[in-house]
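Listed below are the residues making up each chain.
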Amino acid sequence: MFKAPVYRKDCVCGKKKYNVDRVVGGEDAIQNEFPWIAAVFKKDPAHRGWVHNYHCGASLIATKWLVTAAHCRYEKWDGSLAKIELERFLIVLGDHNVKRRKETDIEISRNVEQFIAYPRYKKTKYNYDIALIKLDKGVNLLVYTPVCLPGDGWIFRGRSQVYGWGRDESGMNSAFLQKVTVPIVDNRVCRGAAMRSTVEKNREITDDMMCAGKVGKDACRGDSGGPMSMGLPHFRRHHFLVGVVSWGEGCAKTEFFGVYSRVSYFVDWIQETMATNGGARFCSYRKKYRRRPRVEVTLIPLE
Ligand code: ARG
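The paragraphs below set out a description of the structure included in this document. On a predicted model such as this, the values are computed, not experimentally measured, just so you know. (Residues numbered from 1 in each chain as written. Predicted model: local features only at pLDDT ≥ 70, side-chain atom pairs only at ≥ 80, totals over all residues. Heavy atoms only, no water.)

## Quick word on the environment of R101
- Its location among the elements puts R101 in the loop between strand 8 (89-93) and strand 9 (108-110).
- The exposed category is assigned to R101, whose relative accessible area is 62%.
- Beyond its immediate stretch of four places on either side in the chain, R101 contacts H52, L90 and E107.
- One polar contact links R101 to H52, side chain to side chain, over a distance of 3.3 Å. (Helix = DSSP H or I, 4+ residues; strand = E, 2+ residues; numbered from the N terminus. Buried < 20%, exposed > 50% of the residue type's maximum accessible area, 1.4 Å probe, protein only. Contact = heavy atoms within 4.5 Å. Polar contact = N/O pair within 3.5 Å; in protein donor to acceptor, adjacent residues only side chain to side chain.)

Right under this line is the structure:
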């Protein structure tokens, strides 16, 4: 079943909530600054009952849909990679301190209805590391502003922002969302750096990947699946999803960079997959109408 995407008229994507411009070398984000970031928790057996452990990041792109890394579907178990059952995931939006429950008044959680990895992804490889998460229930896009999706094949240059709850320079996962600005590095430069560093030779930098970072500025373990985004000057600085945190070789080292899945390589697949799995409601990057219409219109039916 194919459903054309619906672009709502009353919301915009990619608008930061507070307009100021660990991750390693980062600083605390402002609460709700990036309203599209989600924390992916997994339920683990504990002493008594269960606990939810922070597992990955993700980005909200439509009412029910998030983008994350395909490798977030797995956990290390007995020395190998085991698939995590859907029931064990919990997606939290509006979070700021992942070690506290409900410390913001907009914190909400959802279950996962579908986790769709890019079909060519293999858990033993590093490329095609992208996936879509479909929530069991939609969220209000006026509160949880989704990030804007780039067009097919868009190339981003310059400085981008990456943010997450992963490890900081102390090697600890951070409680509060951290953000850092990283320069995007050309794939050719990145390949050269990979060759000169200790990166295993089978970890090739392919066209579906991109690199970013510099000494002391990088994503790190635990930031996986989370967004790297950029406020585009041509689009009133609305944020577009440029990359998905995928892998690295240590963190923030001199010889190498952080590696991300290149979102513009996958947008056609993203659109198609949402369309064939119940459809999606988006916000576009600008308000089309001054008044807030109650109706929703279909703007771009896909082929
Ligand atoms: N795979 C890592 C994770 O599980 C992400 C590593 C990103 N590393 C980096 N140096 N940029 O979170």
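Structure's up, so let's keep going.
## Details of the state of the cysteines
- Throughout the structure, instances matching the rule amount to 5 disulfides.
- Note that C190 is cross-linked by a disulfide to C211, the S-S spacing being 1.9 Å. Its torsion about the S-S bond being -80°, the disulfide of C190 and C211 is classed as left-handed. In this pair, C190 is assigned in helix 1 (residues 187-196) and C211 in strand 14 (residues 209-212), connecting sequence segments 21 residues apart. Residue C190 shares its accessibility class with C211, and that shared class is buried.
- With its bonded cysteines labelled in order along the sequence, the protein shows the pairing 1-10, 2-5, 3-4, 6-7, 8-9. (Disulfide = S-S within 2.5 Å.)

## Overview of the pattern of salt bridges
- For the coordinates displayed, the defined rule picks out 8 salt bridges.
- For the salt bridge of K16 with E33, the shortest nitrogen-to-oxygen distance reads 3.0 Å. Judged on exposure class, the residue K16 and its partner E33 are both buried.
- The residue E33 makes a salt bridge to K179 at a minimum N-O spacing of 3.1 Å. Residue E33 is located in the loop between strand 2 (27-28) and strand 3 (37-45), and its partner K179 is located in strand 13 (residues 178-185); the two are separated by 146 residues in the primary sequence. (Salt bridge = Lys/Arg side-chain N within 4 Å of Asp/Glu carboxyl O.)

## Some thoughts on the site of the ligand
- Every one of the 15 residues lining the ligand counts as a neighbour, but D218, G222, S224, S246 and G250 are closest to it.
- Between the ligand and D218 there is a distance of 2.8 Å, counted from a nitrogen atom to a side-chain nitrogen or oxygen.
- S246 has a polar backbone atom sitting 3.0 Å from a nitrogen atom of the ligand.
- Burial of the ligand by the protein amounts to 85% of the accessible area it has alone, namely 350 Å².
- Counting atoms within 2 Å of the grid points, the majority share of the ligand lands in the largest pocket.
- Ranked by the residues each element gives to the shell around the ligand, the list is headed by strand 16 (residues 238-247), at 3 residues. (Near = heavy atom within 4 Å. Areas by Shrake-Rupley, 256 points an atom, 1.4 Å probe, with all protein chains shown as cover. 1 Å grid on protein atoms, 1.4 Å probe; cavity = no way out; pocket = protein on both sides within 12 Å on 5 of 7 lines; lining within 4 Å. Sits in = over half its atoms within 2 Å of the grid points.)

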